[in-house]
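# Residue-level structure breakdown
Single-letter residue listing:
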Amino acid sequence: MSANTPYVLVTGGAGFIGSHTVLELLTQGYNVVVADNLQNSCAELLQRIKKLAKIDSLPFHKVDLTSIDEIRSIFSQYKIVSVVHCAALKAVGESVRRPLAYYRNNVTGTLNLLEVMIENNVSDLVFSSSATVYKSDPSGRPFKENASDLGSNSPYGRTKLYTEQIIHDVVSAESGWNAIMLRYFNPTGAHESGLLGEDPSKVPNNLMPYVAKVAVGKLDKVHVFGDDYDTRDGTGVRDYIHVMDLAEAHVAALKRLDEKRGYEVFNLGSGAGQSVLEMIKAMEAACGHPIPYVVEPRRSGDIDTIVCDPTSAEKELGFRVTRGLDKMCEDLWRWQKNNPDGYNTESS
């Protein structure tokens, strides 16, 4: 391609959400540059993306966003016109144990990225934020994109919240800047081909990858933390979204940047929720056998219900989820069955 070919830079493009977003961008005709430090991912999936997208090459750079010179190197080689920023450490529990690592990686890395964007007159940004920016609300009401709802309970969530505020300040200060914050709730599922999915480098922190590992025999049983919540079956209710719906939302946000609307924030979720036991039962239906679980005491800080109000994304982005619970579990099981050891599976 020529030096004038426009590219979208996807940071964290080898991660779970980033990789599916890269594939969707390629499918819709965008040229993509992938940047990732491969701390929680691997280069193998890039070959799978090329296969699925039916392309011969996919520019990839192993970079650490805390090194501003490494970011500058990418911008010096390509005509970057917009950025989808997915790169982040993302485990809530780990962030409590290692807060400085999370602030250094997630906040400092973003500061460096923003500085290089300004240096190169790149002013369009989609930021992968998170529902963890919201403070706990025992009422279980759907979260809106209101400032009054903000106030995270974890260092990870605060890195997302602080980053949103930093980006807002940049948009306010820099002429012509446009940025969209996507606060997604609980991503799960996998690409329907079974070639792309979530591959945690350690024991999964989130429910569905853990359930999938139990279903395929890599872990013994699911730990259900509490069955006395004020919900329909006593277990916690969360708002899940298929990762391919999420990928499509990132592309919709990128297209909206052409409308030059400054700074915007959107929740991404279904607006409904499923309980822990409902998720386990749905996965049992997908894999065709029982999934053992054990009920244990509640964890400190967990609340009954967390769901989003998706109205704004539906109205402004024209986005709504199209893949339901059965589809999430079917695709997740296909990925896990075909890749019991993730991207290290021998047959891959």
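Each value, and the rule that gives it
Residues numbered from 1 in each chain as written. Predicted model: local features only at pLDDT ≥ 70, side-chain atom pairs only at ≥ 80, totals over all residues. Heavy atoms only, no water. Helix = DSSP H or I, 4+ residues; strand = E, 2+ residues; numbered from the N terminus. Expected span 1.5 Å × (residues − 1). Buried < 20%, exposed > 50% of the residue type's maximum accessible area, 1.4 Å probe, protein only. Contact = heavy atoms within 4.5 Å. Phe/Tyr/Trp six-rings, centres within 6.5 Å; stacked < 30°, edge-to-face > 60°. Lys NZ or Arg CZ within 6 Å of the ring centre and 35° of its normal. Pairing = 2+ DSSP bridges. Axes fitted to C-alpha atoms, helices over the stretch in contact; angles between N-to-C directions. Right-handed = clockwise from strand over helix to strand, strands pointing away. UniProt positions renumbered as here; feature names shortened; annotations may be inferred. Left-handed = near helix turned anticlockwise from the far one by under 90°. Nonpolar A, V, L, I, M, F, W, Y, C, P; charged D, E, K, R; others polar.

## What to know about unusual backbone geometry
Even without glycine at this site, K54 takes up a positive phi of about 60°. Within the fold, K54 resides in the loop between α2 (44-53) and β3 (60-62).

## Describing helix α9 (residues 276-287)
A rise of 1.5 Å per residue sets the reference length of α9, with its 12 residues, at 16 Å; its end C-alpha atoms lie 17 Å apart and thus fit the reference within 8%. Those residues of α9 that sit buried are V276, L277, M279, I280, A282, M283 and C287. Structurally, α9 contributes buried residues whose contacts are with α7 (207-215), β8 (222-225), β10 (240-242), β12 (274-275), β13 (293-296) and α11 (325-338). Within two residues after α9, G288 carries a phi angle of roughly 85°, on the positive side.

## Considering the environment of G269
In this structure, G269 sits in the loop between β11 (263-268) and β12. With 121 residues separating them in the primary sequence, G269 and S148 have C-alpha atoms 19 Å apart. With sequence-adjacent residues up to four places away left out, G269 is seen in contact with D239, I241, C308, P310 and V321.

## What about the packing of aromatic side chains?
Using the criterion set out here, one finds 6 aromatic pairs in the structure. Between Y103 and Y162, the ring centres sit 6.2 Å apart and the planes meet at 15°, which makes this aromatic pair stacked. Placement of Y103 in helix α5 (residues 99-119) and of Y162 in helix α6 (residues 155-173) is noted, with a sequence separation of 59 residues between them. On the basis of relative accessible area, Y162 is assigned to the partly exposed category, the value being 35%. Ring centres 4.9 Å apart and planes at 55° place the aromatic pair W335 and Y343 in the tilted group. Each member of the pair, W335 as well as Y343, carries the same accessibility label: buried. Through a chain of ring-to-ring contacts, the aromatic side chains of Y134, F143 and F185 assemble into a single cluster. Against the face of Y229 rests R298, its NZ or CZ located 3.8 Å from the ring centre.

## Description of the side chain of H20
If you trace the backbone, H20 turns up in helix α1 (residues 16-27). Judged by its relative accessible area of 0%, H20 falls in the buried class. For H20, the contacting residues outside a window of four places in its chain are A190, H191, L196, G197, V243, M244 and A247.

## Description of the sheet that holds strand β6 (residues 178-184)
Taken in spatial order, the 7 strands of this open sheet run β3-β2-β1-β4-β5-β6-β11, and their pairing is parallel. Both outer strands of the open sheet, β3 and β11, are each paired with one neighbouring strand and no more. The average undirected angle you get between the axes of adjacent strands in this sheet is 20°. As defined by bridge partners, β6 adjoins β11 across 6 bridges and the pair is classed as parallel. Bridge pairing in β11 links A179 to Y263. Strand contacts of α5: β1 (6-11), β4 (79-85) and β5 (124-130), with the helix running at about 155° to β4, the strand carrying the most contacts.

## Section: the pairing of β6
The buried fraction of β6 amounts to 7 of the 7 residues, a majority that puts the element mostly inside the structure. In β6, alternate side chains face the same way, and those of N178, I180, L182 and Y184 on one face and A179, M181 and R183 on the other are all buried. In the sheet, β5 pairs with β6 via 7 bridges, with the strands oriented parallel. The residue of β6 that forms the bridge with D124 is N178. A crossover links β5 with its parallel partner β6, the connecting element being α6, and its sense is right-handed.

## Points about the UniProt feature "domain: NAD-dependent epimerase/dehydratase" (unreviewed entry) in the chain
UniProt's entry tags residues 8-269 with the feature "domain: NAD-dependent epimerase/dehydratase" (unreviewed entry), counted in the numbering of this structure. The span residues 8-269 shows a helical share of 39% and a strand share of 19%, and its end C-alpha atoms are spaced 25 Å apart.

## Comments concerning α1
Between the first and last C-alpha of α1 there are 17 Å, a value that for 12 residues agrees with the 16 Å anticipated at 1.5 Å per step. With respect to burial, α1 is a largely interior element, 11 of its 12 residues being buried. Those residues of α1 lying buried are F16, I17, G18, S19, H20, T21, V22, L23, E24, L25 and L26.

## What to know about the side chain of T159
Tracing the sequence through the fold places T159 in helix α6. The residues contacting T159, other than those within four sequence positions of it, are Y102, Y103, N106 and V107.

## A look at the packing of helix α3 (residues 68-77) against α5
One can describe the packing of α3 onto α5 by two numbers: an axis separation of 9 Å at closest approach and a directional angle of 40°. Seen from above, α3 lies across α5 with right-handed handedness. On the side of α3, the interface is formed by I68, I71, R72 and F75, while α5 contributes G109, N112, L113, E115, V116, M117 and E119. Residues belonging to the contact of α3 with α5 are distributed by class as follows: 6 nonpolar, 2 polar and 3 charged.

## Side note on the environment of N112
Within the fold, N112 resides in helix α5. Under the relative-accessibility criterion, N112 is labelled buried at 12%. Measuring from C-alpha to C-alpha, the distance between N112 and E70 comes to 9.9 Å, with 42 residues separating the pair along the chain. In contact with N112, other than residues within four places in its own chain, are L65, T66, S67, I68 and I71.

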